[in-house]
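Examination of the molecular architecture
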Amino acid sequence: MINKYLSIGIFCPLFVLNIQAEEGMWQLSQLPDLNLEKIGFEISAGDIYSPDKLSISTAIVWLGGCSASFVSADGLVLTNHHCAYGSLQRNSAKDSIDYIDEGFLAKDRSEELPAIGQHAYVLKSMADVTDVILKSVKGIEALTEKEKRIEQKITAMEKEAENDREDRYCYIATNYNGKQYVKYLFNKYQDVRIVFAPPAAIGNYGGDIDNWMWPRHTGDFTYLRVYQAPDGSGAKYSDDNIPLKPGNYLKIAKTDLKDGDMTFILGYPGRTMRYRSSYSVDWNLNRTYIPRIERFQSILDIITEMSNENQEAKLKLASYDAGLNNTMKNFQGNVDGMQSSNFIENKRAFEADLMSFINSKRKLKKMYGDVMEKIAAQYAILEQSYDYDQVLENFGGYTIGVLYNLGSKAYDVARERAKPETDRRPEFSEKRVKDGMANLDYAYLRFYEPFDKTMLTRALQQAAKLPEEQRITALDFILKGSMEIDAWVDDAFAKTGLKDIAYVKDLYNKTPEEIEALNDPLIDLAIKLYDAKDRKYEEGKVWNAQIQDLRKKYIDALYAWKGQSLYPDANSTMRFTFGKVKGYKPADGIWYEPFTTLKGVVEKDTGEEPFNNPAKLTELSRSKDYGKWIDPELGDVPSCFLAECDITGGNSGSAVMNAKGELIGLAFDGNYEAMTSDWLYNPELQRTIVVDIRYVLFITDKFAGADYLLKEMGI
Ligand code: ARG
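Residues numbered from 1 in each chain as written. Predicted model: local features only at pLDDT ≥ 70, side-chain atom pairs only at ≥ 80, totals over all residues. Heavy atoms only, no water.

**Overview of the overall build of the chain**
In plain terms, the rule: For the purposes of this entry, the term helix denotes a DSSP run of H or I that reaches at least four residues, the term strand denotes a run of E that reaches at least two, and both are numbered from the N terminus. Here the globule rule reads 2.2 Å times residues to the power 0.38, and the radius of gyration is calculated from C-alpha atoms. Burial here depends on accessible area, computed with a 1.4 Å probe over protein chains only, as a share of the maximum for the residue type. Under 20% is buried, over 50% is exposed, and the range in between is partly exposed. We call two residues in contact whenever any of their non-hydrogen atoms come within 4.5 Å of each other.
Scanning the chain from terminus to terminus reveals 25 helices and 19 strands. Since a compact globule built from 715 residues should have a radius of gyration of about 27 Å, the 26 Å found for the chain is in line with a globular shape. If you line up the chain on its principal axes, its C-alpha atoms span 70 × 70 × 55 Å. Classification of the 715 residues of the chain by burial places 57% in the buried group. When contacts within the chain are restricted to residue pairs at least 6 apart in sequence, those whose partners lie at least 24 apart make up 78%.

**Focus: the state of the cysteines**
Heads up, the condition is: A pair of cysteine sulfur atoms is labelled a disulfide when the two atoms are within 2.5 Å.
Enumeration over the complete set of coordinates arrives at one disulfide. Through a disulfide, cysteine 66 is tied to cysteine 83; the S-S separation comes to 2.2 Å. Here the S-S torsion is close to -75°, and the disulfide linking cysteine 66 with cysteine 83 is therefore left-handed. In this pair, cysteine 66 is assigned in the loop between strand S2 (60-62) and strand S3 (67-70) and cysteine 83 in helix H2 (residues 81-95), connecting sequence segments 17 residues apart. The class of cysteine 66 is buried, set by a relative accessible area of 13%. Here cysteine 83 falls in the buried class, since its relative accessible area comes to 11%.

**Examining the packing of aromatic side chains**
Rules: Here a Phe, Tyr or Trp ring, Trp counted by its six-membered ring, pairs with any other such ring whose centre lies within 6.5 Å, and the pair is stacked when the planes are under 30 degrees apart, edge-to-face when over 60, and tilted otherwise. Consider the ring centre and the ring normal. A charge sits over the ring if Lys NZ or Arg CZ is within 6 Å of that centre and within 35 degrees of that normal.
Enumeration according to the criterion identifies 35 aromatic pairs in this entry. Relative to tyrosine 404, the ring of phenylalanine 395 lies with its centre 6.2 Å away and its plane at 65°, an arrangement referred to as edge-to-face. Tyrosine 404 shares its class with phenylalanine 395; the two are buried. When the ring centre of tyrosine 386 is taken as reference, the NZ or CZ atom of arginine 287 above it lies at 3.8 Å.

**With respect to the site of the ligand**
Test applied: Neighbouring residues are identified by heavy atoms, a residue being near a molecule or strand if any of them is within 4 Å of it. The term polar contact refers here to a pair of N or O atoms within 3.5 Å; inside protein, the definition further demands a hydrogen-donor-capable atom paired with an acceptor-capable atom, and it admits residues adjacent in sequence only when both atoms are side-chain atoms. To measure how exposed things are, a 1.4 Å probe is used in the Shrake-Rupley method; for residues, cover is taken only from the protein chains shown. Residues are sorted three ways: Asp, Glu, Lys and Arg are charged, Ala, Val, Leu, Ile, Met, Phe, Trp, Tyr, Cys and Pro are nonpolar, and all the rest, Gly among them, are polar.
Around the ligand, the neighbouring residues are His82, Asn204, Gly207, Asp208, Asn211, Trp212, Ala322, Asn326, Ser652, Phe668 and Asp669. Within the contact set of the ligand, a nitrogen atom lies 3.1 Å away from a side-chain nitrogen or oxygen of asparagine 204. Between the ligand and serine 652 there is a distance of 2.7 Å, counted from an oxygen atom to a side-chain nitrogen or oxygen. Within the complex, 92% of the 350 Å² of free accessible area of the ligand lies under protein. For the shell around the ligand, the secondary-structure elements that each account for two or more residues are helix H7 (207-210), helix H9 (311-340) and strand S18 (663-670). Partitioning the shell around the ligand into residue classes produces three nonpolar, six polar and two charged.

**A short note on H2**
The condition that has to hold: The angle between axes fitted to the seven residues ending at a residue and the seven residues starting there is what we call the bend at that residue.
The largest bend along H2 measures about 35° and falls at serine 87. By the criterion of burial, H2 is predominantly enclosed, with 12 of the 15 residues buried. Backbone geometry just after H2 places serine 96 at a positive phi near 50°.

**Remarks on the sheet that holds strand S19 (residues 688-692)**
Remark on secondary structure: sheet strands pair via backbone hydrogen bonds, oriented parallel or antiparallel. Operational definition: DSSP-based pairing: two strands are paired if at least 2 bridges between them are found. Axis lines are fitted through C-alpha atoms, for helices just across the contact stretch, and the angle between N-to-C directions can take any value from 0 to 180 degrees.
The strand order across the open sheet built from eight strands is S1-S14-S13-S17-S18-S19-S16-S15, with neighbouring strands paired in antiparallel fashion. In this open sheet, the two edge strands, each paired with only one partner strand, are strand S1 (26-27) and strand S15 (595-597). In the sheet, S15 pairs with strand S16 (residues 638-643) via two bridges, with the strands oriented antiparallel. When the sheet's bridge partners are listed, phenylalanine 595 is paired in S16 with phenylalanine 641. Of the strands in this sheet, S15, S16, S18 and S19 are in contact with helix H24 (residues 693-703), which crosses S19 at around 35°.

**A short note on the pattern of salt bridges**
For clarity, the threshold we go by: Salt bridge, as applied in this entry: a Lys or Arg side-chain nitrogen positioned within 4 Å of an Asp or Glu carboxyl oxygen.
The final tally for this structure, using the stated rule, is 55 salt bridges. In this structure, lysine 374 and aspartate 370 form a salt bridge, with 3.2 Å as the shortest nitrogen-oxygen distance. Overall, the relative accessible area of 32% leaves aspartate 370 in the partly exposed class. Put simply, Asp74, Arg109, Glu112, Arg225, Lys245 and Glu712 are held in one network by salt bridges that share partners.

**Description of the packing of helix H8 (residues 278-307) against helix H12 (residues 371-384)**
To be explicit about the condition: In this scheme, roughly parallel covers angles under 35 degrees and roughly antiparallel covers those over 145, while 65 to 115 is roughly perpendicular and the rest are oblique. By convention the crossing between two helices is left-handed if the near helix lies anticlockwise of the far one by an angle smaller than a right angle, and right-handed if it lies clockwise.
Two numbers describe how H8 lies on H12: the axes approach to 9 Å, and their chain directions differ by 20°. Between H8 and H12, the crossing angle belongs to the class labelled roughly parallel. Relative to H12, H8 is oriented so that their crossing is right-handed. Residues Tyr279, Ser280, Trp283 and Arg287 of H8 pack against Met372, Ile375, Ala376, Tyr379, Leu382 and Glu383 of H12. Here the contact of H8 with H12 is composed, by residue class, of seven nonpolar, one polar and two charged.

**A word on the nonpolar core**
In plain terms, the rule: Put simply, a nonpolar core is a bunch of buried Ala, Val, Leu, Ile, Met, Phe, Trp, Tyr and Cys residues held in one set by side-chain atoms that sit within 4.5 Å of each other.
Judged by nonpolar contacts, the single largest core of 96 residues is most densely connected at Ile48, Tyr223, Phe264, Leu266, Phe576 and Leu617. Apart from the residues within four sequence positions on either side, leucine 266 is in contact with Leu28, Ile48, Ile56, Ser57, Ile60, Met574, Arg575, Phe576, Ser654, Ala655 and Met657. Core analysis: the next-biggest nonpolar cluster, separate from the first, contains 46 residues, Ile478, Trp488, Leu522 and Leu525 among them.

**Some thoughts on the side chain of asparagine 658**
Examined against the element boundaries, asparagine 658 turns out to sit in strand S17 (residues 655-658). On the accessibility criterion, asparagine 658 (8% relative accessible area) is buried. One polar contact links the side chain of asparagine 658 to the main-chain amide nitrogen of glutamate 662, over a distance of 2.9 Å.

**A word on H12**
For an α-helix the count is 3.6 residues per turn, leaving residues at separations of three or four pointing the same way. Heads up, the condition is: Multiply 1.5 Å by the residue count of a helix minus one, and that product is the helix's expected span. Here the arc refers to the set of directions running from the helix axis out to each C-beta atom.
Between its terminal C-alpha atoms H12 stretches 21 Å, which fits the 20 Å expected from 14 residues at 1.5 Å a residue. Within the sequence span of H12, burial applies to Val371, Met372, Ile375, Gln378 and Tyr379. Projection of H12 onto a plane perpendicular to its axis shows the buried side chains occupying an angular sector of 120°, all on one side. In H12, the exposed positions that point more than 90 degrees away from the buried face belong to Glu373 and Gln384.

**A short note on the packing of helix H13 (residues 386-393) against helix H21 (residues 521-562)**
Viewed as axis vectors pointing N to C, H13 and H21 meet at an angle of 125°, and their least axial separation amounts to 11 Å. Accordingly, the angle class assigned to the pair H13 and H21 is oblique. Crossing geometry of H13 relative to H21 is assigned as left-handed. Contact with H13, carried on its side by Tyr388, Asp389 and Leu392, involves Leu529, Ala532, Lys533, Arg535 and Lys536 of H21 and no other residues of that element. Residues belonging to the contact of H13 with H21 are distributed by class as follows: four nonpolar, no polar and four charged.

**Details of the confidence of the model for the chain**
Note the following rule: For every residue, the predictor assigns a confidence score, pLDDT, that lies between 0 and 100.
Looking at the chain as a whole, the pLDDT averages 95, with 97% of positions reaching at least 70. Confidence drops under pLDDT 50 across residues 1-20; counting only partners more than four residues distant or on other chains, this segment forms 36 contacts.

Here it is in structure tokens:
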């Protein structure tokens with residue numbers, strides 16, 4: 001069969017033959033090109049993915065942000081502890097029991113806890129829809145208009161595929177900046193339950209100190225179970241629901257794992273920037289990573305102070321705290337890595353070579369000769385309003401607190417609903433709005449009023465610091481008003497109705513005018529800022545359309561030069577990556593072994609968080625009560641291991657398998673020395689950190705005594 005990719009031009013499979021390094025997050029449709037048998041696989045590409053028969057990929061689950069896999073015929077799922085962290089946090093806030101610190105074990109199915117806010121997605125089908133999408137914009141030259149139409153087409157196609165079913169989810173992914181579009185259709189299961197989460201002293205052992213680091217000793221796993229309605233639909237939580245019978249589930253490896261063994265991963269990597277220019281790197285380093293590290297740290301300081309000896313604050317802010325710490329350390333790793341490796345200079349030198357090749361061929365010069373200057377010009381646009389944009393951005397998302405977001409979201413929805421359906425922003429389609437409304441029920445599980453107020457005060461104070469000519473005039477009513485900022489915030493929080501969920505829900509029945517007439521001070525703030533944000537959004541659309549087109553040209557130029565097979569940047573779609581179990585050299589004179597053991601877990605114990613190893617685990621180690629989970633070569637229970645696989649955020653919880661396709665562990669992290677890997681794969685340094693399945697089972701068996709789970713997994 002003629003490869004579909006040939007028609008697009010850059011994916012000629014002939015070139016795939018020379019892949020050496022274990023680089024790449026490959027689309028499942030690219031599997032046949034990878035010659036797996038030749039590199040040590042004992043299963044075929046078709047065993048991993050087939051469009052028309054059950055394969056390993058059928059057992060892979062997306063958790064919306066994390067990855068997971070089925071491990072039993074009754075819908076039992078394994079993922080990371082840090083992936084279930086958010087639902088553990090919400091349950092903790094609801095029950096005032098610290099499930100994060102204490103862990104949770106259901107003794108039987110009736111005790112399983114609804115994983116608040118967690119959905120599970122199982123891929124039903126995928127199809128290349130490039131032709132359909134591009135045909136729909138044929139003849140349209142203006143870039144912004146074209147992108148807008150493509151977006152509308154995508155939204156319409158997704159809606160059609162979902163067919164108004166709450167338990168369907170369709171996602172049309174854009175690959176290679178718009179050279180390819182792939183439609184993914186999922187069954188969406190809304191009843192997911194927590195089965196077993198170890199205490200944080202195992203599941204998050206080493207905490208933020210060990211995070212992103214090797215050697216590692218974290219038992220970063222949690223068992224969930226997916227439920228369905230008796231009629232097979234992915235209904236919301238109900239007592240009548242029954243465990244899902246998945247199409248396929250993974251078998252646990254029966255043989256030992258050794259240094260040098262082949263491994264592979266199927267999961268949902270979120271985002272990489274492997275084909276970006278030096279301008280993009282420069283912008284991200286200096287305008288994203290560096291300033292955000294400071295911003296995150298200042299928010300973390302507030303959280304730490306508030307959570308100190310205040311259990312309510314601790315339970316409510318726990319997942320926010322973990323998320324900020326995690327991203328901050330990643331950004332710091334990027335900064336360290338980029339600065340120490342002369343990343344930008346190297347990239348510039350690479351681009352100079354690229355351009356001298358392009359400019360040496362008349363035809364190529366005509367097509368791509370000006371691509372670098374044009375990209376530079378795009379980033380110069382961002383630079384002009386940088387300070388203003390930063391401050392405006394604070395009024396939304398993680399920097400502004402729960403109440404403001406609730407009001408502002410409801411108002412945005414009202415404004416969008418006032419437009420014709422086809423003109424609405426994709427994230428405000430009626431279906432997405434309904435999904436959002438379903439989440440309102442647990443909106444306050446992360447609401448801690450003193451923190452919320454502090455965040456709003458902070459955002460306003462930063463706005464007050466903008467130079468006069470760059471100020472956000474919509475905020476004049478506060479910043480040039482008679483009240484001090486703190487006093488205004490106190491007053492607004494006293495008067496707002498947003499602390500009442502019925503009031504918030506009712507906003508969704510109102511027109512913009514009706515919301516405006518409420519005179520709710522927190523919502524009024526959002527209303528005042530609406531135009532400024534809307535303008536930014538529209539400017540962003542224009543900017544994106546331009547940069548998308550230039551990035552496409554940049555990739556084309558690269559291809560014209562190197563002629564290599566490419567995998568698309570990660571975009572939260574299922575990908576395959578492979579590589580061997582292997583250590584690495586973090587610095588001169590040091591070699592890191594690829595396995596850690598239970599002995600090492602105990603050695604790190606200080607008795608204090610995050611190295612407060614449970615006494616029972618220490619005792620199991622001391623008495624060598626390893627059960628069947630001992631590794632003969634290590635003479636101990638393995639804890640974590642390293643593999644060359646190429647992953648990024650979103651892959652967390654992914655099944656790691658051996659050459660036979662059996663489960664050997666769960667991917668949960670990357671190593672600090674390779675933090676720039678989202679930009680560039682480095683075969684010498686980049687490793688995936690995996691919790692060994694034998695550690696997972698050892699904890700399940702010997703620590704928790706949950707042998708019914710082992711039985712369920714066929715052990
Ligand atoms: N670094 C991991 C990832 O991004 C998350 C680890 C979470 N643990 C933590 N201590 N914050 O996938």
